[in-house]
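Observations on chain architecture
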Amino acid sequence: MTTAALTPLGRVVATERRPNTPHEFHFWTSLDSPVGVGTIVRVEGKYTINGQITRVYGVVVEGFSYSDLQSPLHDVLGHDGSPASASLASTERAEIRLYTAAVLRQLPDEPLQPVPLGDVHLADDADIAVALRMDGYLADGARTGIPIGVYHAGGTDAPIYLDADFLIGPEAAHLNITGVSGLATKTSAIEWILASLFTHFPEQKGSIAAVCFNVKGPDLCFLDQPGEIDERDRALYEKCGVSPAPFGNVQYFAPYKSDGVSLNTLRSNEALLDNVTALTWGLREVLQYAEVLLNKDDVDAKADALIDFIRERIVDRDFHDELVLPGKRYRVRSFADLEQWFKDLLVALEHRGNESWRTHHIATIRKVRNRLSNISTRCAGLVTDDGNVGDLPFGSFQDRTVYVIDVASLEEDAQDLVFARVVTKLREHLEKRDLGVKHVVVFVDELNKYAPSDGQDTYVRKMLLDLAERGRYLGLVLFSAQQFRSQVHRRVVGNSGTALYGRMDADELATPGYSVLSPAVKTKLATLEKGQLMVRHPHFTQPIFVRFPRPAIMRGRDGAERYPQAQDVTLEAALLRSLRPLDPTLTLNWIQDVVVLHEEEDVIRARNATLRERPSDVRRFFKAQLASRVPTTPVTPRPMVTPIRSAPADDPYGP
């Protein structure tokens, strides 16, 4: 125990107007004591209970300053109305500092009694571990602590650990962070926590990976690039036992732009494309989530029945109807195939004069055709007509790997589709235990947009609610962030076992959800510096303030300047940019020679197949995907025949 911990800095005091209770006590200190809001203290009792001396731990939540004056008027009169006269006073005005602390823990735990009078000491590292009940999960053999930052007060720098059983599951799960934009450093906090989690997650609990949705700008586009940190940050990294380095394994996924050639991401610089994969889906992947893209007016009961029929009986199955479509057989694999099937069916029905087909009215068939055919247009670049698929490696996820899906440039409908399908696929694979890892952290920013507390109930909100309520049983954990916690659905934030608060807006602090905090804690929350957080965790009976280091990765703004987004280029240049990571020997001239005789759609299809297969011989495979085409012989213009000059009409020798 340190000298500071042995020397009392205050005394517990209880008066008739301010009595101590089992959950709150008051103490006074000298004017120069290093105590403030958020400081953890230890109270040493004088008497034993059940053979043990009472020891109480508390965190300061309020502070008061008193003097012997009854009213401000007495002080004004005492100085003749002039503040400058204070230096002429023969005696110094008496002043005391009184603090209110919320009890973190009492020893012994039973019986629970009011806090006794006794000396107050600053808590040292060992005291903090006991006060926050971290001693239970930091003990040898049960070490599940995940450092989240450092408690700093009164010269004490103590790492604060979260319990992995309550952060990832199965006891509790999920983490939510809130704070004003730009000052709360929410994204930085999540990046730091993921780095700490990957470092300290216990081996015996299995493998873990993270899936992060980049929803704005270049925030998560450079997680594998080193950033600048100072000595203060390095000290925090060392204190927490985390290496100050960027993530070692990061894979990026981004859809194409509407041209189907250029990647729709700020990480499109050619120097960083080695771990960027195109995200494209076809009919098979999208049809199951048609509800995400179609509103209730589009998908009534009749339309829903037809979509189910198409999904179960048409897509990826041999289909024929000798009565209406005699002699025709279909195997629908893409939106183009589906459009052809719709076209043939409607032409046949109109020709026969039928109003319905297999209980589906022709008007419903036309409506569903219109809505489904429009999906590839609304989500151009993500959804393809030809059925090409580029997807996350479901089934082969790797341990300690971050998978970033850049949806920042997508339209809202397409973003919802990506959220819905990715999370649903993660849940399906975790239920089957064939994802490749045992635990997955899903990070969603701007949660008040995707799971608002009011408004229409959307597919994405229902999916996030299901994830928050049932995910921990599967190992699917939600890390979420938003600017206004009060505007997020209560069931999402309520199921978050761990809550972090960065710098808060005063209007947000005035909402009922923060009424449990004292005015002093609210004031501190409204003035927090960057890199400071207030932490609530199931093991902590009171919120704790911690400081965390800056992530050792390149900030999005710096990355966008150092690796500017690739400009739109020609088809050949885009092919070279996307295929060169597979074969650095490719040249623009070679690609131009190969594709010169082929249509753009065929070239894009060959590129997608090459990227999907990743063959050892890229040149040979790419050429094989292009159908051979015999060059046409240029037509030589026939020589002009010189007309015979006709003789004049009055030529006596003419015919």
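Report on the accompanying structure. (Residues numbered from 1 in each chain as written. Predicted model: local features only at pLDDT ≥ 70, side-chain atom pairs only at ≥ 80, totals over all residues. Heavy atoms only, no water.)

**Re the overall build of the protein**
Short version of the rule: Put simply, DSSP H or I for four residues or longer makes a helix, DSSP E for two residues or longer makes a strand, and each gets a number counted from the N terminus. For a compact globule the rule gives 2.2 Å times the number of residues to the power 0.38, and the radius of gyration it is set against comes from C-alpha atoms. Whether a residue is buried, partly exposed or exposed follows from its accessible area with a 1.4 Å probe, protein chains only, as a fraction of its type maximum: under 20%, in between, or over 50%, in that order. What makes two residues a contact is simply this: any of their non-hydrogen atoms within 4.5 Å. Residue burial considers only the protein chains on display, and all accessible areas are found by Shrake-Rupley using a 1.4 Å probe. In this count, Lys and Arg are taken as positive residues and Asp and Glu as negative ones, while His and the chain termini are left out. Charge positions come from single atoms, namely NZ of Lys, CZ of Arg, CG of Asp or CD of Glu.
Summing up its helical and strand segments, the protein has 24 helices and 22 strands in all. Relative to a compact globule of 655 residues, whose C-alpha radius of gyration would be 26 Å, the protein shows 35 Å and is clearly more extended. In the protein, which comprises 655 residues, the proportion classed as buried is 50%. For the protein, long-range pairs separated by at least 24 residues make up 74% of all intrachain contacts whose partners lie at least 6 apart in sequence. Here the protein displays about 32,200 Å² of accessible surface, and carbon together with sulfur accounts for 50% of that area. The average position of the 74 basic charges and that of the 87 acidic charges among the side chains of the protein differ by 3 Å.

**Thoughts on the pattern of salt bridges**
Pairs can form between side chains of opposite charge once their charged atoms are near each other. Definition in use: Think of a salt bridge as a Lys or Arg side-chain nitrogen and an Asp or Glu carboxyl oxygen that are within 4 Å of each other.
Overall, the coordinates contain 35 salt bridges when judged by the stated rule. Taking the shortest distance from any N to any O, the salt bridge between D308 and R311 comes out at 2.9 Å. You can see D308 and its partner R311 sitting in helix α10 (residues 301–314), three residues apart, about one turn around the helix. Its salt-bridge partner being D344, residue K328 comes within 3.8 Å of it at the nearest N-O pair. Here the residue K328 occupies a position in strand β14 (residues 325–331), and D344 occupies one in helix α11 (residues 335–352), the gap between them amounting to 16 residues. Judged by relative accessible area, which is 39%, K328 ranks as partly exposed. The network of salt bridges with shared partners includes R42, E44, R55 and D127.

**A short note on a nonpolar patch on the surface**
Inclusion rule: Think of a patch as exposed residues, more than 30% relative accessible area, with no salt bridge, where like charges cluster within 9 Å and nonpolar side chains (Val, Leu, Ile, Met, Phe, Trp, Tyr) cluster within 5 Å.
On the surface, a cluster of nonpolar side chains totalling about 300 Å² of accessible area is made up of L73, V76 and L77. Locating L73 in the fold gives a position in helix α2 (residues 72–78).

**What to know about the nonpolar core**
Filter applied, for reference: Only buried residues count toward a nonpolar core. Its members are Ala, Val, Leu, Ile, Met, Phe, Trp, Tyr and Cys residues joined through side-chain atoms within 4.5 Å.
In terms of nonpolar packing, the biggest core is built from 85 residues, with M134 and F479 touching the most fellow members. If one sorts the elements of this core by residue count, helix α6 (residues 186–200) sits on top with eight residues. Setting aside residues up to four positions removed in sequence, F479 forms contacts with L167, I168, L175, I190, I193, L194, L197, V441, V442, F443 and V444. Core analysis: the second largest hydrophobic core is formed by 79 residues, V286, L287, L417 and V418 among them.

**Focus on a negative patch on the surface**
There is a patch of like negative charges on the surface, built from D259, D385, D386, E599, E600 and E601. Structurally, E600 can be placed in helix α23 (residues 600–613).

**Re the packing of helix α22 (residues 588–595) against helix α24 (residues 618–625)**
Convention followed: Here an axis means a line fitted to C-alpha atoms, over the contact stretch when the element is a helix, while the angle between two N-to-C directions is reported on a 0 to 180 degree scale. Reported orientations rely on four angle classes, namely roughly parallel under 35 degrees, roughly antiparallel over 145, roughly perpendicular from 65 to 115, and oblique for the rest. The sense of a crossing depends on the near helix, which, turned anticlockwise from the far helix by less than a right angle, makes the crossing left-handed and, turned clockwise, makes it right-handed. Under the grouping applied here, Gly and all other residues not named as nonpolar or charged are polar, the nonpolar ones being Ala, Val, Leu, Ile, Met, Phe, Trp, Tyr, Cys and Pro and the charged ones Asp, Glu, Lys and Arg.
The N-to-C vectors of α22 and α24 enclose an angle of 25°; their axes lie 11 Å apart at closest approach. Between α22 and α24, the angle is such that the two are roughly parallel. Helix-helix and strand crossings are classified by hand; for α22 and α24 the assignment is right-handed. Touching W590, V594 and V595 of α22 are R619, F622 and K623, all from α24. By residue class, the composition of the contact of α22 with α24 is four nonpolar, no polar and two charged.

**With respect to helix α12 (residues 362–373)**
Which entries qualify depends on this criterion: What a helix is expected to span follows from its residue count: subtract one and scale by 1.5 Å. In this context, the arc is that of the directions from the helix axis out to the C-beta atoms.
Relative to the 16 Å expected for twelve residues at 1.5 Å per residue, α12 spans 16 Å between its end C-alpha atoms, a close match to the ideal helical length. Along α12, the residues classified as buried are I362, T364, I365, V368 and L372. Mapping the buried residues of α12 onto a view down its axis gives an arc of 155°, with all of them on the same face.

**Some points on the packing of aromatic side chains**
Rules: Pairs were defined over the aromatic rings of Phe, Tyr and Trp, the Trp ring being its six-membered one, requiring ring centres within 6.5 Å. Orientation was assigned from the angle between planes: stacked under 30 degrees, edge-to-face over 60, tilted for the rest. Counted as over-ring charges are cases with an Arg CZ or a Lys NZ within 6 Å of the ring centre that also lie within 35 degrees of the ring normal.
Taken as a whole and judged by the stated rule, the model has 18 aromatic pairs. Centroid distance F319 to W357: 6.1 Å. Interplanar angle 75°. Geometry classified as edge-to-face. Here the residue F319 occupies a position in strand β13 (residues 318–321), and W357 occupies one in strand β15 (residues 356–357), the gap between them amounting to 38 residues. By the ring-pair criterion, three or more aromatic residues cluster together here, those being F309, F319, W341, F342 and W357. Above the face of the W281 ring, R421 is positioned so that its terminal group lies 4.7 Å from the ring centre. Over the aromatic face of Y473 sits the side chain of R472, whose NZ or CZ is 4.8 Å from the ring centroid.

**Quick notes on the environment of V324**
You can see V324 is positioned in the loop between β13 and β14. The class of V324 is buried, set by a relative accessible area of 8%. In this structure V324 touches L345, A348, L349, R352 and W357, once residues within four positions along its chain are discounted.

**Some remarks on the pairing of strand β2 (residues 24–29)**
Basically, it comes down to this: Any two strands with at least two DSSP-identified bridges between them are counted as paired.
Note that strand β1 (residues 10–13) and β2 share four bridges and pair antiparallel. Within β2, the residue paired with R11 across the bridge is W28. Relative to strand β5 (residues 95–107), β2 runs antiparallel, the two sharing six bridges. Bridge pairing links F27 to Y99 in β5.

**A look at the environment of V488**
Along the chain, the position of V488 falls in the loop between β19 (476–482) and α17 (490–494). Sequence separation of V488 and P452 is 36 residues, and the distance between their C-alpha atoms is 4.6 Å.

**Quick word on helix α19 (residues 519–526)**
Of the residues making up α19, those classed as buried are A520, V521 and L525. Take α19 and look down its axis: the buried residues cluster within an arc of 140°, on one side only. Residues of α19 that are buried sit in contact with β4 (52–67), β20 (498–501), α18 (506–509), β21 (532–536) and β22 (544–547).

**Comments concerning unusual backbone geometry**
Here L107 and P108 are connected by a cis peptide whose omega angle stands at 0°. Along the polypeptide, P108 turns up in the loop between β5 and β6 (119–122). The omega angle of the peptide bond from E110 to P111 is -5°, so this bond is cis rather than trans. By secondary structure assignment, the location of P111 is in the loop between β5 and β6. Of note in this structure, T359 is not a glycine but carries a positive phi near 70°.

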